[in-house]
Amino acid sequence: MAETLSSLQDLATSTVAPQPEPPRHVQKLDKYGRAYATGKRKDAVARVWLKPGPGTITVNERPMDAYFARPVLRMILQQPLVVANRVGQYDLTIAVAGGGLSGQAGAVRHGLAKALTYYEPDLRPMLKQEGFLTRDSRVVERKKYGKRKARRSFQFSKR
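Fair warning: this is a prediction, and the values are worked out from it, not measured in the lab. (Residues numbered from 1 in each chain as written. Predicted model: local features only at pLDDT ≥ 70, side-chain atom pairs only at ≥ 80, totals over all residues. Heavy atoms only, no water.)

Draft legend 1. Main features of the sheet that holds strand E5 (residues 90-97). Strand order in the open sheet made by the five strands is E1-E2-E5-E3-E4, with mixed pairing throughout. The open sheet terminates on both sides in strands that have one partner only, identified here as strand E1 (35-41) and strand E4 (62-63). The sheet contact formed by strand E3 (residues 57-59) and E4 spans two bridges and is antiparallel. Residue pairing across strands places Val59 opposite Arg62, the latter belonging to E4. Strand contacts of helix H4 (residues 101-119): E1, strand E2 (44-52) and E5, with the helix running at about 150 degrees to E1, the strand carrying the most contacts. (Pairing = 2+ DSSP bridges. Helix = DSSP H or I, 4+ residues; strand = E, 2+ residues; numbered from the N terminus. Contact = heavy atoms within 4.5 Å. Axes fitted to C-alpha atoms, helices over the stretch in contact; angles between N-to-C directions.)

Rendered as structure tokens:
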């Protein structure tokens, strides 16, 4: 049990248990030297593999420009690389499924940020501050019975 202290002198001489160190993040790689992470957004799930290379990005076995045709989606996808100043240093292989293109781009961004922290743990504070490591939990509200949609009621008529 804890010892009883009766004065400030006892407090100064007592042994205080050292505070445990915060968890140390280590590099997580598979047997091929790649970092793997899963990202999610709405109904989309993205699996991201990251390895050093010239910077080719493949999404569902297609070039990124062909899969994400809108420039805004490509910008969302590359945000973690731009913030970490690692554009063109890693090859990305991405498998994404579910949801629409916007949700898929958000899922890829989340997975890419996690994979970057697994490959380079020192980038974690920078990416966490930008909010890329937080899973956006907003999803579509379900439809309720007696309603036309989630909240919209059927049109009222007096007749």
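Continuing now.
Draft legend 2. How the structure looks around the environment of Arg47. Summarising the element assignment, Arg47 is placed in strand E2. Arg47 gets classed as partly exposed once you look at its relative accessible area, which sits at 40%. On a C-alpha basis, the gap between Arg47 and Ala107 in space is 8.7 Å, while along the polypeptide they are 60 residues apart. If sequence neighbours within four positions are ignored, Arg47 has contacts with Tyr36, Ala37, Thr93, Ile94 and Ala95. (Buried < 20%, exposed > 50% of the residue type's maximum accessible area, 1.4 Å probe, protein only.)

Draft legend 3. The layout of surface pockets, seen in detail. When its volume is computed, the largest pocket comes out at roughly 180 Å³. Around the largest pocket, the lining is made up of 14 residues, and of these Arg41, Ile76, Gly106, Arg109 and Asp136 lie nearest the centre. Elements represented by at least two residues in the lining of the largest pocket include exactly E1 and H4. Ranked by residues supplied to the lining of the largest pocket, first place goes to H4 with five residues. Considering only residue class, the lining of the largest pocket consists of two nonpolar, six polar and six charged. (1 Å grid on protein atoms, 1.4 Å probe; cavity = no way out; pocket = protein on both sides within 12 Å on 5 of 7 lines; lining within 4 Å. Points joined across faces, edges and corners; volume = space filled by probe spheres on them. Nonpolar A, V, L, I, M, F, W, Y, C, P; charged D, E, K, R; others polar.)

Draft legend 4. Summary view of the pattern of salt bridges. This model, assessed by the stated rule, comprises seven salt bridges. With its nearest N and O atoms 3.5 Å apart, the salt bridge here joins Asp65 to Arg74. Taking relative accessible area as the criterion, Arg74 reaches 22% and is therefore assigned partly exposed. Its salt-bridge partner being Glu120, residue Arg86 comes within 2.8 Å of it at the nearest N-O pair. Of this pair, Arg86 sits in the loop between helix H3 (71-83) and E5 while Glu120 is found in the loop between H4 and helix H5 (124-130), placing the two residues 34 residues apart along the sequence. Accessibility assignment for this pair places Arg86 and Glu120 in one class, buried. Through salt bridges with shared partners, a single ionic network connects Arg41, Asp136 and Arg138. (Salt bridge = Lys/Arg side-chain N within 4 Å of Asp/Glu carboxyl O.)

Draft legend 5. Inspection of the environment of Arg86 at higher detail. Residue classification places Arg86 among the buried residues on the basis of a relative accessible area of 19%. Along the chain, Arg86 and Gly55 lie 31 residues apart, while their C-alpha atoms are 9.3 Å from each other. Filtering out sequence-adjacent residues up to four positions away, Arg86 remains in contact with Leu81, Glu120 and Leu123. At 2.8 Å, the side chain of Arg86 forms a polar contact with the side chain of Glu120. (Polar contact = N/O pair within 3.5 Å; in protein donor to acceptor, adjacent residues only side chain to side chain.)

Draft legend 6. Spotlight on H4. The end-to-end C-alpha distance of H4, which contains 19 residues, comes to 26 Å, matching closely the 27 Å that a straight helix rising 1.5 Å per residue would cover. Across the 19 residues that make up H4, a large majority, 14, are buried. (Expected span 1.5 Å × (residues − 1).)

Draft legend 7. Quick peek at the side chain of Arg41. With respect to the helices and strands, Arg41 occurs in strand E1. For Arg41, a relative accessible area of 15% translates into the label buried. In contact with Arg41, not counting residues within four places along its chain, are Gly103, Gly106, Ala107, Arg135, Asp136 and Arg138.

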